[in-house]
Every structure is written in structure tokens, then in C-alpha cells.
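Chain by chain, the residues:
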Amino acid sequence: MNLIADLLLIAGAIGAAFYCFVLSRRLTRFTNLEGGMGGAVAVLSVQVDEMTKALETAQKTSRDSAESLRELTERAEAAASRIELVLASMHDFEEPEGNSHSPRSNRGAVRRNRRARLESENGALE
């Protein structure tokens, strides 16, 4: 009986040793840096580092663009307020009848002349 128990114990030990050997080889292939999971982890680590650098560069660029856009917006608002001031001050001046240089002001003068002529004709008809 002892002999059978010893043989079974030896067979179990040999089976466990073989199982450990197989697991060791699988683990070695799994962690292999060239073709296994270790290589995939190493590649992903490098890609994460590259993406982090790209993200930092994009954030810096967007900050610079936002600052530039803010400055341009402030300049545009200042220019718009100056233009509004100039337009408001232009309403204070009357345009001379014969000294208009732009085609639009000529059109306005023609319309005023026609209106005045029509009003005088209507006044004469009544």
C-alpha cells in the first residue's frame, strides 16, 4: 500500500512539475517584449507618451489662439465704438447741396430735389 501511495505521489509531483514547466513557457511567451503581451504594453506605453506630448502641444496652441482671438476681439470692439462715435458726429453736420462727391449722396440729392419739385407742383395745383 505504501508503494502505491509513493508511486501516486511521485506521479502527482511529476504532473505538477510538467504543469509548472508549461506555465513557465507560456508566461515567458506572454511577457516577451518582441511579440507577446509585454511588447504590446511597451508599444502602448510609448503611444501614451506621444499622445500626452501631442495633447500638451494642442493645449498650448489653443491657449495662444484664444489669447490672440481675445486681443483681436478687443481691438474690433474698440474700432466699432470709434466708428459709432464718428457716425454719430457725422449726423451733426449738414451736407452741402452742391458739394457731394459720392454717388449715394447724389442719389439722395436727386430724391430731395424731386420731392421738393413734386411738393411745389402739388402746392401749385391746389
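Residues numbered from 1 in each chain as written. Predicted model: local features only at pLDDT ≥ 70, side-chain atom pairs only at ≥ 80, totals over all residues. Heavy atoms only, no water.

Participant: Is there a simple way to explain the overall build of the chain in this structure?
Facilitator: In terms of regular secondary structure, the chain is built from three helices and zero strands. With 126 residues in all, the chain has 5% of them scored as buried. In the structure as shown, the chain presents an accessible area of about 11700 Å², 62% of it carried by carbon and sulfur atoms. (Helix = DSSP H or I, 4+ residues; strand = E, 2+ residues; numbered from the N terminus. Buried < 20%, exposed > 50% of the residue type's maximum accessible area, 1.4 Å probe, protein only. Areas by Shrake-Rupley, 256 points an atom, 1.4 Å probe, with all protein chains shown as cover.)

Participant: Honestly, the pattern of salt bridges in this entry has me stumped. Any pointers?
Facilitator: Two side chains bearing opposite charge may form a pair once their charged atoms approach each other closely. Inspection of every chain in the model, using the stated rule, returns three salt bridges. Among the salt bridges present, the one from arginine 70 reaches glutamate 67, with a minimum N-O distance of 2.4 Å. Placement of both arginine 70 and glutamate 67 in helix 2 (residues 37–90) is noted, with a separation of three residues, approximately one turn of the helix. The residue arginine 70 makes a salt bridge to glutamate 74 at a minimum N-O spacing of 2.5 Å. One end of the pair is arginine 70 and the other is glutamate 74, both in helix 2 and four residues apart, which spans about a single turn. (Salt bridge = Lys/Arg side-chain N within 4 Å of Asp/Glu carboxyl O.)

Participant: I tried to follow a nonpolar patch on the surface on my own but got confused; where do I start?
Facilitator: Together, Leu27, Phe30, Met37 and Val41 line one region of the surface with nonpolar side chains, adding up to about 400 Å² of accessible area. The topology assignment puts phenylalanine 30 in helix 1 (residues 2–30). The partly exposed category is assigned to phenylalanine 30, whose relative accessible area is 47%. (Patch = residues over 30% accessible without salt bridge, like charges linked within 9 Å, V, L, I, M, F, W, Y side chains within 5 Å.)

Interpretation in functional terms is not warranted from these geometric data alone.
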